Each structure stands twice: as C-alpha cells, then as structure tokens.
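A closer look at the structure
As a plain string of letters, each chain reads:
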Amino acid sequence: MSIKSFDCIPVLETSQLLADLRPQTKIQIESIESCGSELFLGTYDGLILVYNIQESLETGGKTKCFATKNRERYLSTRKPIKSIKAASASERLLIMSNNTIFLLSMSSLEPVGSQLQGVTTICVNENPSDIDDPFATQICVATKKKIEVHNANESKFSLITDVATSEPVVHLGIDGSFICVALMTKYKIFNFKTKVVQELFDFPPANFFPIVRRIQQGEFLLTASEGLGMFVTTEGLSNRAPIQWMVHTNFDSGSSGVIATAYFHPYILALCGNFIVVHSILDQQQKQSEPFSGGVALGNFDGRLYVCTSKSVYRLCPVAWEKQVQALLCDKKVDEALDLIQNANYTGYSREQFEKMSQRIKQQASFIYFSLKDFDRAREMFIESNVDVREVISLFPNLLPQSSSFVRAIPPLHEIADVDQLFQKDSDAISEAQVCLRQLLEDLRDPSAPVVLHQFELDTALVKLYAESNKDSLAAFILAGDVQCDTKDCLQWLEELGCFNSVALLHKQSKNNELALEYWARLASGEIQDDSFQGMDFFAECLANTKDMDLVWRHAAFVLDKDEESGAKIFTCRSTDQNHIPLDVDKIAEYLQKYPRALVNYLEYIVLEEKNQDEKFHSRLAVIYLDSLSKMQKNGASQDEILRIRKKFQRFLQESNLYRVQTVLAKIKGMGLDRETATLHGKLGEHDKALTILVHRLKDYTAAEEYCEANSVGKDKKSSEDLFHSLLNCYLDQQFDQDDKNELVKPALDLINRKAKMFNVAKVLERLPQGIAVPVVDSFLCGALRSSMHKFRMKKVEASLAKGENIQRRHVLYELHNSTVFLQDNNYCFVCKKPFQDGSFARYPNNVITHIACAKQNDVCPVTGRIFRSPDKPDRSFPSS
C-alpha cells in the first residue's frame, strides 16, 4: 500500500533498555504512559521506568527520538503493573498492580496517600462530571461486581458513586456521566447520574477480549466478534459503519485478534496480531497496515502515539497531511484525499496558507476526476477550486485562441497532454469531455456572475464548441452580445465548419455590417447553406437595424423580389434609436410602387401605428383597400381572404379621420360593403343613415349599439342621448313593413331596459308602441326612476352646499364690514408713498393700505402680487372714486 498515515520510529530499543537496567535483570513491559516529555513504563515484575524523550527533525522531514533514563522504582508488590495513568495537574501517577491502585509522586515515584483495592480495570474520564477540585482527576474503576467513580487528588480517592453489575467487568470506558462497560458476555452503557442502563450487544465469552475505547465526546469504539469494530454513541446508537479489522489484515494463524486500540483524529489504530492497522473514521476504510510483531500496548497520550513490545518502545508519528493527500491523489483515491483535507489539522500554517494549499489540491483532484471520466464531479470541482479555465481549455487541441499567451501552471496540476492522448482517441469519451467543457464554460459565462475571468479565451472556446455541436446555440450566444473572442481565429473555424450564419453574426458584432449582409444575402439566395439561418424575415430585420442607408437600399430590392411581406419589414421595423437616420416616407412609398403588398403593409404601418397625419397616405390606403376588394370580388377569391381584407379596411375606416370620406363613399357604392358604408356615414355625422344600414340591412343590433357607444365617447350627455334615441327611432320606424317592425320591437325594448340612463324617459314613453305591457319595460322604468331620484337628490345636495357656502361668505363679509381700521396722519399709501387726504382708502386682506386709485385690482395685492380670488372667479377692480 503506497499510502502511509504514520511512520513507526524507534524510541527505546531492546539493547538500550537492557543497558539501562542492572545486570541479570529481566525485562518485560506490561504498560506504558506519557506525560509531557516523560515516558513511563511498567514491567512484569513491578518495576517503574521513567525516560526523558527528546525529538529532532532530520533531513527529509523525518522525526528521530532519543530516550534518556531518568529514574526507576520497584513497587512493593513486585507484581505486574497492568496500567499507568498520569495525573499531570496533581503530579501524581495512578499505578494498578495486584488489583490495587497506588498513588505515586510523579517526580520521586514515592507512594503517597491512600490506595484502592480489589480493582480489575481502570480508565480516566477525559470529560469529567461533578468535579470541583481543578487538580483532581476523575477515574472509573471496576471491582468484581461493581463500578465505582472516584475523584483522585494529591493524596486520596473520593468516591462519587457506584453502580452494581450483573457480571464481572472485563473492560470499560467513561465519557461524562456515561460508562460503557464490557461484561463477560455483553456490552452495556450506564448513566451513573440517572441510573439508566442500556444494553448494547452480546459477544462470545470464549477466545475474545472486549475493548472499550472513548473516541470523542459522546462516542465509543467497541471490539466485536468476527473482527468488527462498532461505533456506539452514549444514546446507544451507531451512527457510523463498523470497521472490519479481520478482513483487511493478514493475521497469522496464531493471532489473537485486536490487542489494543487508539484514536488519533481522523484515524483509528489497532494492534492486531503482528500488524498495526490504521482505519479512517471518515469512511471506515483501511489506510495503512504496518508489520509489528509482539505488540503489547498502544495508546494516544496527549497527542503522542506510542506502541510497545515487551522489550522495546516505538513512536507512531503522523505523516504530514500534505504527503498523505498527494499519495492518495497518485493512487487516484480522490474522494479520500478530499475527505482528508476537510478534516486536516493545519497546525503550523496560517488560515490563508492552508486555504491556498487546499485549493491547489482540489484543482489537482478535479483533473483526476476528469481523467477518470467522472465529468460531472470534475466540472463541480473545477468551479469550486477556481481552476484557471484556460488550463482546462488547453486540454482540447486548437480551442485556445491562436493569439493567446497562456502557459500551464508550474508546478503542473496534472500530467495530461490533451484529450486525444488521455482517452486514446476514443470518440465517445472525447465527445463527453467536450460536453463537460461546454457546460463548464456556460456556467462560468452565467450572466448573473459579477466578473467573467479570461473571457477572451473562454468565449473563443465556446464559439468553437458550439460550432461543432449546436449551431442554433452558437447563433443565440453571438446574438446575446458581448462576445469577446479571437474574431479572426473564430471566423476561420466557422467557415471550415460551414457555420455561415454565425460568420455573418460575428461580422455584425465586429461592426462589419457590409460583410455580414453579404453572407446573409448569399444564404437567402441559396448560394451557401446553413440550417441555423432564420430566413428572409431575419435578413429583413437585420437590414431594418442597419444605420447605413446605402446598404439598406442595396439589398432592399433583393428581399422585396423574394418576399414582399418580409421586404416591407425593412421599413416598418426600423429602430427608433436616435442614431438611425429618419426615413423619407414619400421616397419609400414611391419606391414600393412596384411591390403592392409591401406598399399596403407600409401604408398600414405609417397610418395606423405611426399615426402619420398626411391626408394623401390615408386616402391612398383607402383606395388600395377598395381596389383590392373589387379585384377579389371579380376574381372569385375565397370568403376567408375577402373577410381578412375587410377587417383591416374596417379598422382603418374607424381609426383614421384624415381620408376623404366623400370620395371613399362614392367609390364604395355598389360593392355590397354595408358595414364599411355605415362607418363612412358615421364619419360624416349621418348617424341615422349609419344606424339604418346596421339595423335594417345587416340586422346587426350588437354592432348598432357598439356604434352608438363608440360615437358617444368624448361627447356631452345630450349628444349621447340623441344618438341612442336615433337608434331607438330606427328600431321603431313606421316606414318599414309590419313584419320588420314587429321583429325590431324586441331589440328596442332590450336596449332601453339595459341602457335606461342613456334615454329621456318622456321621449321614450311617447315613442313606444301602443299596448306595451308595463312588465316588459319594468327594468327601464326602474332604472329611469332611480336616475331621476338620483338627479333630484344631487340637486338638493348641491343646493344645500351652495347655501352653506353663501352663509360662510356672508359671515366673512360681515366681519370685514365690522372691523375697524385706524388711519393716522402719518400713514401713507403703500404704492405711491403719499399721505391720505380725504379719508378714503383701500385695504387688502394682508393689511396693505393704498389709495383707491392705486388699487387697480381688488383681488391682487399691488405690493406683494398675492392673489386673493379663486381661479374660477372673475377679475374685479375697485370702483373709481
């Protein structure tokens, strides 16, 4: 396996250990502990050894350790030391030997204080609960059928609580108030505060040693049968997949399985037979398997990993995460590399340095995804890692602009020459890669993006890609504007691929309208072919938006000869931009004489849309409509076509007021155009004739009513009433035969019932035929009554308001008449500055006093110009004296 997470470095080898001991002393290490730079070893015969460990960094970045013996001491028991725990805050060692826990001074190794007896196993609570003494260490110990929690200070153990167990405890771990224990056949979790017990799972009692390891706050790792490592939370749940030790490690036949475990984020380390096995907690996959024979202990001591045999000690130094990541990338294990970055400890680097390194690694990862044909993930990573898009474009031959000076990153982000070399000219893979690149460029070219980096290279590549795969998208891209590409390079590329419409668009964007129009003219004539060309309408629209009128006239005849409808758009779709030269309407109308359909469209445009006020165009359009209808009637054209022209003619007659009505009316006689004739009579004010045609000839009562409404707009009430009375008279006219008269009574009654407010009640009642029943005109009478009552009440309101206003004004006048003005000898006229001689004067509401002759207007102050009258009041002057 090429990936290493840890290097195994010797700290204390057998030869040095034997040299540091007395002659004939046998050595067998049973336990290990570290605190600061000191290493504590416990042996089979009760000897405690203390070594001082110094580290140095060799050339190449490897760590070397030097161990110097500091002190030693035998326990009085001379029994194996099963566990050593350091309490650095109180400078004490907790030594478990012969089922007893001793308190020893860390500096002198002398026993101090009390002991705990009958203990089978011990662990330290790294997340202590209910501890007041900052120098105390909380421990959890197991006796035969009981678990106890103690606080250990400098000289004694203080019992916090105890929990009874159904079986002897083999191993345990503690986190806060939760104790995870391995009994003889099962795992359980106890909460010593709430006394709640959770059963986890069973394990075989024979040939299996259970181990409990606290991983982090609220989570434990438990060894299970069949070589599994199970993650369990304090709630009794498993939120991670289990680790499979037995499958991934080649154990000897005499192996006894997992001996010890340790956690060093984000790795789980285990002594398994003759190997140290490393798994990641992130994906539970094995990362390293290091041969190690005779291992007896493994632990993480304040960030230092030590592992030992019975006669030697080794340090497991983590390999720098950068090296691990690069090794993973070399093995194309990209997901693992990215997970490692996300959880890396960047101690030794500033946040900015780490971000920069992380970004480069992600850029490398994106190219590896690309090489593995995981194009979706590659595209995401290209964007996330801010890869220089030119680096990606350069993988595709000829996509970078010929004028680009881009050079790939140094050191290189990848070893890909180009996609042809990468995919061995596999056309399917290369096509997928091109799609990936196109989507990436489209994402980077998003209009919502505040800045588009390297737009010159990006747009050039995008134009070339669209040309190869999607001509319609290419045209839309260029039409969207702001395409900053290598024009010369792209034009050559597009010509070779037959994208002539896009060639024209690119010329147009480059302000070369003449060449653009020439290409479109060739496309329209069929000289060259391009499916993305949108046809004659598009060509006409381009001409309409061209400011150079010489170019417009040069190509206008060609378009009109091909399609008159499209040709008319050259003149009707002109931009209203101030930079466009205004067109000479007379010149265009004269030019279009040879193209009747185009002429009609143009005249309709200037008359109905542009509202041209020249009478000759209005009259000319009316005559053209009549001539067209006359020819269609003679030639037997379809009714649908005749109806289409008539609707346009009717709209024109209704909206225009400038054509010669009498001329048109004379010309229309005998053509059977009754509705148009009625409109013309209406233009002449001959409403009776118009309504007669609508009612008696066409029998179109709805149109007759709409006629009255249309001609009432902007008129006073009397004119509107007269018009509706004319329609009523038309319905009830006696000169028509009896059948027609009877037929028209119903629409007449319907009219007055629905439009009661538009009629004079007295006139209607006089005009109605004899014998009309009251219920038939009930709606009309009710509406008329409501209208009459409303008018009566409004008059009363107006009279009351006028009366109130009159009283107010009279009160104001009364106060003015009764007010006193003192005129003294030294007072003078504000206008002429002369004194008053005869006692007569004029006084304005703003207290300006003048001679009566100087007061020209009684409503306007001659000094300040202030106006005292309402706008609707007449101007009045003071009477002359």
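These lines cover the structure that appears in this document, whether it is placed above or below. (Residues numbered from 1 in each chain as written. Predicted model: local features only at pLDDT ≥ 70, side-chain atom pairs only at ≥ 80, totals over all residues. Heavy atoms only, no water.)

1. Section: the overall build of the protein chain
Scanning the protein chain for helices and strands turns up 29 helices and 30 strands. Computed over the C-alpha atoms, the radius of gyration of the protein chain is 52 Å, more than 25% above the 29 Å expected from 2.2 N^0.38 for a compact globule of 881 residues. Each principal axis of the C-alpha distribution contributes one length, and for the protein chain these read about 150 × 95 × 80 Å. With 881 residues in all, the protein chain has 45% of them scored as buried. Restricting the contact set of the protein chain to residue pairs at least 6 apart, pairs at least 24 apart contribute 49%. If you sum the accessible surface of the protein chain, you get close to 46,000 Å²; carbon and sulfur atoms cover 49% of it. Taken as two groups, the 101 positive and 114 negative side-chain charges of the protein chain have centres that lie 6 Å from each other. (Helix = DSSP H or I, 4+ residues; strand = E, 2+ residues; numbered from the N terminus. Rg over C-alpha atoms; globule rule 2.2 N^0.38 Å. Buried < 20%, exposed > 50% of the residue type's maximum accessible area, 1.4 Å probe, protein only. Contact = heavy atoms within 4.5 Å. Areas by Shrake-Rupley, 256 points an atom, 1.4 Å probe, with all protein chains shown as cover. Lys, Arg positive; Asp, Glu negative; His and termini not counted. Charge placed at Lys NZ, Arg CZ, Asp CG, Glu CD.)

2. A few points about the packing of aromatic side chains
What characterises a pair of aromatic rings is the spacing of the ring centres plus the angle enclosed by the ring planes. Applying the stated criterion to the full structure yields 30 aromatic pairs. Seen from their ring centres, Tyr-466 and Phe-477 are 5.7 Å apart, and the 55 degrees between their planes marks the pair as tilted. Of the two residues, Tyr-466 sits in helix α10 (residues 455-469) while Phe-477 sits in helix α11 (residues 471-479), which places them 11 residues apart along the sequence. The two residues Tyr-466 and Phe-477 agree in class, both being buried. Taken together, the aromatic side chains of Phe-367, Phe-370, Phe-375, Phe-382, Phe-396 and Phe-423 make up a single cluster linked through ring pairs. (Phe/Tyr/Trp six-rings, centres within 6.5 Å; stacked < 30°, edge-to-face > 60°.)

3. A few points about the pairing of strand β15 (residues 178-182)
When you tally the buried positions in β15, you get four out of five residues, the bulk of the element. As defined by bridge partners, strand β14 (residues 171-175) adjoins β15 across five bridges and the pair is classed as antiparallel. Considered in β15, the bridge of Gly-173 is made with Cys-180. Where β14 hands over to β15, the hairpin turn is made up of two residues, of which Gly-176 adopts a positive phi near 65 degrees. Hairpin connection of β15 to strand β16 (residues 186-191): three residues between the antiparallel strands. (Pairing = 2+ DSSP bridges.)

4. Focus on the pairing of strand β28 (residues 313-318)
Along β28, five of the six residues are buried, which leaves the element largely enclosed by surrounding structure. Relative to β28, strand β1 (residues 6-12) runs antiparallel, the two being bridged by six bridges. In the sheet register, Asp-7 faces β28, and the bridge partner there is Cys-317.

5. As for the sheet that holds strand β18 (residues 212-216)
The antiparallel open sheet is built from four strands, whose spatial order is β18-β19-β20-β21. Either end of the sheet is taken by a strand with one partner, and the two such strands are β18 and β21 (243-244). Taken together, the four bridges between β18 and strand β19 (residues 219-224) define a ladder with antiparallel strand orientation. Bridging from a neighbouring strand, Val-212 pairs with Leu-222 of β19.

6. Examining the sheet that holds strand β2 (residues 29-35)
Strands sit in the order β2-β3-β4-β5 across an open sheet of four strands; the sheet is antiparallel. Either end of the sheet is taken by a strand with one partner, and the two such strands are β2 and β5 (63-74). Within the sheet, the average angular offset between the axes of one strand and its neighbour, ignoring direction, is 25 degrees. (Axes fitted to C-alpha atoms, helices over the stretch in contact; angles between N-to-C directions.)

7. Notes on the packing of helix α15 (residues 536-544) against helix α17 (residues 564-572)
Where α15 contacts α17, the axes come no closer than 7 Å and their chain directions differ by 20 degrees. The angle between α15 and α17 places the two elements in the roughly parallel class. Of the two elements, α15 crosses α17, and the hand of that crossing is right-handed. Packed against α15, whose contacting residues are Met-536, Asp-537, Ala-540, Leu-543 and Ala-544, the element α17 presents Ser-566, Lys-569 and Ile-570 at the interface. Of the residues in the contact of α15 with α17, the class split is five nonpolar, one polar and two charged. (Parallel < 35°, antiparallel > 145°, perpendicular 65-115°, else oblique. Left-handed = near helix turned anticlockwise from the far one by under 90°. Nonpolar A, V, L, I, M, F, W, Y, C, P; charged D, E, K, R; others polar.)

8. Thoughts on helix α29 (residues 778-818)
Its 41 residues give α29 an end-to-end C-alpha distance of 60 Å, which sits within 8% of 60 Å, the value for a rise of 1.5 Å per residue. Three or more residues of α29 are buried, namely Phe-780, Gly-783 and Ala-784. (Expected span 1.5 Å × (residues − 1).)

9. Brief notes about a negative patch on the surface
A cluster of acidic side chains, namely Glu-91, Asp-132, Asp-133 and Glu-154, defines a negative patch on the protein surface. Turning to its location among the elements, Glu-154 is positioned in the loop between β12 (146-152) and β13 (157-164). (Patch = residues over 30% accessible without salt bridge, like charges linked within 9 Å, V, L, I, M, F, W, Y side chains within 5 Å. Salt bridge = Lys/Arg side-chain N within 4 Å of Asp/Glu carboxyl O.)

10. Quick notes on unusual backbone geometry
A cis amide bond links His-265 with the next residue in sequence, Pro-266, at an omega value of 0 degrees. Checked against the element boundaries, Pro-266 lands in the loop between β22 (258-264) and β23 (267-272). The omega torsion of the bond from Ile-410 to Pro-411 falls at -5 degrees, within 30 degrees of zero and hence cis. The backbone phi angle of Gln-284 is positive, close to 60 degrees, even though this residue is not glycine. When you line up the elements, Gln-284 lands in the loop between β24 (275-280) and β25 (286-291). With phi around 55 degrees, Asn-386 is a residue other than glycine that occupies positive phi space. Mapped onto the secondary structure, Asn-386 falls in the loop between α6 (375-384) and α7 (389-393).

11. Some thoughts on the packing of α11 against helix α13 (residues 500-509)
Viewed as axis vectors pointing N to C, α11 and α13 meet at an angle of 10 degrees, and their least axial separation amounts to 10 Å. Taken together, the axes of α11 and α13 lie roughly parallel to each other. In contact with Lys-471, Leu-474, Ala-475, Ile-478 and Leu-479 of α11, α13 contributes Asn-501, Ser-502, Leu-505, Leu-506 and Gln-509. Along the lines of polarity and charge, the residues of the contact of α11 with α13 split into six nonpolar, three polar and one charged.

12. With respect to a nonpolar patch on the surface
Residues Tyr-828, Phe-830, Val-831 and Val-863 make up a contiguous nonpolar surface patch of roughly 340 Å² in combined accessible area. Along the chain, the position of Tyr-828 falls in the loop between α29 and β29 (842-843). On the accessibility criterion, Tyr-828 (42% relative accessible area) is partly exposed.

13. With respect to the side chain of Asn-601
Mapped onto the elements of the fold, Asn-601 is located in helix α19 (residues 596-609). Setting aside residues up to four positions removed in sequence, Asn-601 forms contacts with Glu-565, Ala-568, Thr-572 and Lys-648.

14. Considering the pattern of salt bridges
Enumeration according to the criterion identifies 48 salt bridges in this entry. The partner of Glu-72 in a salt bridge is Lys-69, and the shortest N-O contact between them spans 2.1 Å. We classify Glu-72 as partly exposed; its relative accessible area is 23%. A relative accessible area of 27% means that Lys-69 is categorised as partly exposed. Notably, a salt bridge pairs Lys-186 with Glu-199, separated by 3.8 Å at the nearest N-O pair. Of this pair, Lys-186 sits in strand β16 while Glu-199 sits in strand β17 (residues 197-202), and the two are 13 residues apart along the sequence. Members of the salt-bridge network, linked through shared partners, are Glu-55, Arg-304 and Arg-315.

15. Here's the deal with helix α5 (residues 351-371)
An ideal rise of 1.5 Å per residue puts 30 Å on 21 residues; α5 measures up with 30 Å between its terminal C-alpha atoms. Phe-354, Ser-358, Ile-361, Gln-363, Gln-364, Ala-365, Ser-366, Phe-367, Ile-368, Tyr-369, Phe-370 and Ser-371 are the residues of α5 that are buried. As for α5, its buried residues are in contact with α3 (321-330), α4 (334-342), α6, α7, α8 (419-422) and α9 (427-444). Of the residues flanking the end of α5, it is Lys-373, one or two places downstream, whose phi is positive at about 70 degrees.

16. A word on the nonpolar core
Membership of the largest hydrophobic core comes to 137 residues, with the highest contact counts inside it found for Phe-370, Trp-520, Phe-539, Phe-649 and Phe-652. The dominant element in this core, judged by the number of residues it contributes, is α19, at nine residues. Ala-690, Val-695, Leu-732 and Met-758 belong to the second largest nonpolar core, which has 30 residues in total. (Core = buried A, V, L, I, M, F, W, Y, C linked by side-chain atoms within 4.5 Å.)

17. A word on the environment of Tyr-369
Topologically, Tyr-369 is positioned in helix α5. You can call Tyr-369 buried: its relative accessible area is 4%. For the pair Tyr-369 and Val-695, spaced 326 residues apart in sequence, the C-alpha to C-alpha distance is 81 Å.

18. Observations concerning the environment of Ala-475
Positionally, Ala-475 belongs in helix α11. Since its relative accessible area comes to 4%, Ala-475 is described here as buried. In this view, Ala-475 contacts Asn-501, Ser-502 and Leu-505; residues no more than four positions away in its chain are not counted.

Any functional reading would require information that these geometric values do not contain.
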